[in-house]
Each structure stands twice: as structure tokens, then as C-alpha cells.
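Here's the letter readout for the chains.
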Amino acid sequence: MIKGAHAFSLNMKISKILLLLIAFCFLAENCFAIPFQKKLRKENECAEYAAIADAYYGQKNYKKASEYYEKARQAPKFYDAMTYKLACSKALGGEYAEAKDLFTELLAKEPSNRTLRESLAYSTVMSGEIDTGAQLYESLVIEYPEDGNLLRNYIKVLIASGQLEKAEQQLAEYEKLFSKDADTEALRNKIKAKAEAPQEEPASNEAETSEAEATSDAESSDKETAADTKTEEKTAAASSEKPEKPADKNKEPEEIEEDLIPDFTQDFD
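Residues numbered from 1 in each chain as written. Predicted model: local features only at pLDDT ≥ 70, side-chain atom pairs only at ≥ 80, totals over all residues. Heavy atoms only, no water.

What about the nonpolar core?
Counting residues in each nonpolar core, the largest one holds 46 residues, and the members touching the most others are Tyr69, Phe103, Tyr137, Ile155 and Ile159. With 8 residues, the top contributor of residues to this core is helix H7 (residues 148–160). With near-sequence residues (within four places) excluded, isoleucine 155 lies in contact with Ala167, Gln170, Leu171, Tyr174 and Leu187. (Core = buried A, V, L, I, M, F, W, Y, C linked by side-chain atoms within 4.5 Å. Buried < 20%, exposed > 50% of the residue type's maximum accessible area, 1.4 Å probe, protein only. Helix = DSSP H or I, 4+ residues; strand = E, 2+ residues; numbered from the N terminus. Contact = heavy atoms within 4.5 Å.)

Next up, the structure:
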């Protein structure tokens, strides 16, 4: 009897231990394995998206690259690196405002990163905020005076923003540091052309004013017939359409686009 009771007690203990082991295995599988597997699966998926995005980027298909970089940054592990590549794709694809916002987000995390600062300056200029972009380039030039490319880009932005006196000063500084060359001559010609362009605008305004006065005199005159009045109105309308020439100002960023593109191929740490 004692033997049987002892065996029963032992069996009960073994059963309890087995139940505890089963419960532990169940909890371990549900509490630890599944979340880890999900995270790993997500990271692998994002790594695949990144590889596809890189392939599109290499083909210069920046729109498709942007789509896949957006998907690739869903994993926290890859977020910053993929956001940087996404910003580069947006910039090179002409979506400058979106690129600017992404570079700003990254720069908030790493304010001293020079590549990010140059990229932000470039995308700011190209998004149409030329004066703000000029300020960003100015701070970079002050910090890195030995970089001739940076100074040259700054001069181009100053010309585009109409700060011609400042552009002249910076060009003189550039020639002191890096000597004269074909590029400096081209920049000087741009400054001259830009300086002369505004002088034509007042003349066209005067022409518009004199035409408007002539039209108003013609309309107020009792001797003019209805047919003459219509003719003069048409002439005035045609004349007022002609002086629309300031499209050059909008084209300036397109001219400097290629030269201003920073090295977007650098890896982001």
C-alpha cells in the first residue's frame, strides 16, 4: 500500500512538472517568438523594398524609387537611412518641396551633418525659396571657406535671388582664393546681364502708361467713333501683353539645377 501511494504521489509530481513545462512552452511561444518573428519578417520585407528602390534609383527612375523607399522606411531599423534616400529621390525627381521637408526632418536629428545641410539648401532653392536657400548656403560658405564648389553655388544663388552686389563681392573673393577661370567669367557675365535686365522693365511700364493714357484720351474724346474706340482697346490690350518678359527670373533655378546638386550618393549614417 505504501509503495502504491508513493508511486501515485510521484506520478502526480511528474504530471504537475509536465503541465508546468507545457504551460511555459506555450507562454514562451506566444509571448516571445511571435513578436520577434513579426519584427524580423517586417525588416526582411523592408530590406527587399530597399533593394528594389535602389535598382530603380540606379536607373534614374526616381518616382518608382520613391515609392519603394517609402515602403522600406516602415521598419524603425531602416527609417533614417531610407528617409534620406527617399529625400534624394524626391529632389532628383523634381519634387523639391517634399525633399526639403524630409531633409529638414533628418537635420533636426543631426544638425551638424554637412551633406544634409547642403541637400536642404539645394532643395530649398529649387522649391522656389531662393532667399532662404541663399541664407543656408551663406552659413555653409562661412563654415567651409576652402570649398570652391560651395562658394560658386552660393554666388549662383545670389544672382538668382537678385543680390547682385553681394554676388560681385563673393565672386571677387572666389577669384582671390581660387583664381580666375572660364566659370568666373561666365558668372560675371550673368551678373551683368541680370543688372541690365531690370532697366528694361521701367521702359515697358512707361510704354504701358502712355498707351493707357492715349486710350483713355481717345475714349473721353467726343469726336471718336465707336469703331475707333474698339480698335484702340484692341491695340492697348495687345501692347499690354507684350511686356510680359520676367519669365527669366523663374528660369534661373533651372539653369543652376545641375551645378547645385550635392552628392546624393553618399551613405547616410
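What about the side chain of arginine 188?
Tracing the backbone shows arginine 188 in helix H9 (residues 182–220). A relative accessible area of 19% places arginine 188 in the buried class. Once residues lying within four places of it in the same chain are set aside, the contact partners of arginine 188 are Glu168, Leu171 and Glu175.

Observations regarding the packing of helix H6 (residues 130–143) against H7
Closest axis-to-axis distance for the H6/H7 pair is 9 Å, and the angle between their directions is 155°. Judged on the interaxial angle alone, H7 and H6 are roughly antiparallel. For the pair H6 and H7, the crossing hand works out as left-handed. Residue-level contacts link Ile130, Gly133, Ala134, Tyr137, Glu138, Leu140 and Val141 of H6 to Leu150, Leu151, Asn153, Tyr154, Val157 and Ala160 of H7. By residue class, the composition of the contact of H6 with H7 is 10 nonpolar, 2 polar and 1 charged. (Axes fitted to C-alpha atoms, helices over the stretch in contact; angles between N-to-C directions. Parallel < 35°, antiparallel > 145°, perpendicular 65-115°, else oblique. Left-handed = near helix turned anticlockwise from the far one by under 90°. Nonpolar A, V, L, I, M, F, W, Y, C, P; charged D, E, K, R; others polar.)

A closer look at the environment of alanine 97
Mapped onto the elements of the fold, alanine 97 is located in helix H4 (residues 96–109). A sequence separation of 26 residues divides alanine 97 from serine 123, and the C-alpha atoms of the two residues are 7.0 Å apart.

A word on the confidence of the model for the protein chain
Parts of the prediction with low pLDDT should not have their coordinates interpreted in detail. When pLDDT is averaged along the protein chain, the result is 75; 60% of the residues meet or exceed 70. At the low end of the mean pLDDT range in the protein chain sits helix H11 (residues 247–260), at 36; at the high end sits H4, at 97. Predicted confidence is poor over residues 201–261, with pLDDT under 50, and the contacts of this stretch with residues over four places away or in other chains come to 37 contacts. Low pLDDT, under 50, characterises residues 263–269; the predicted model gives this stretch 20 contacts beyond four residues in sequence or across chains. (pLDDT = per-residue confidence, 0-100.)

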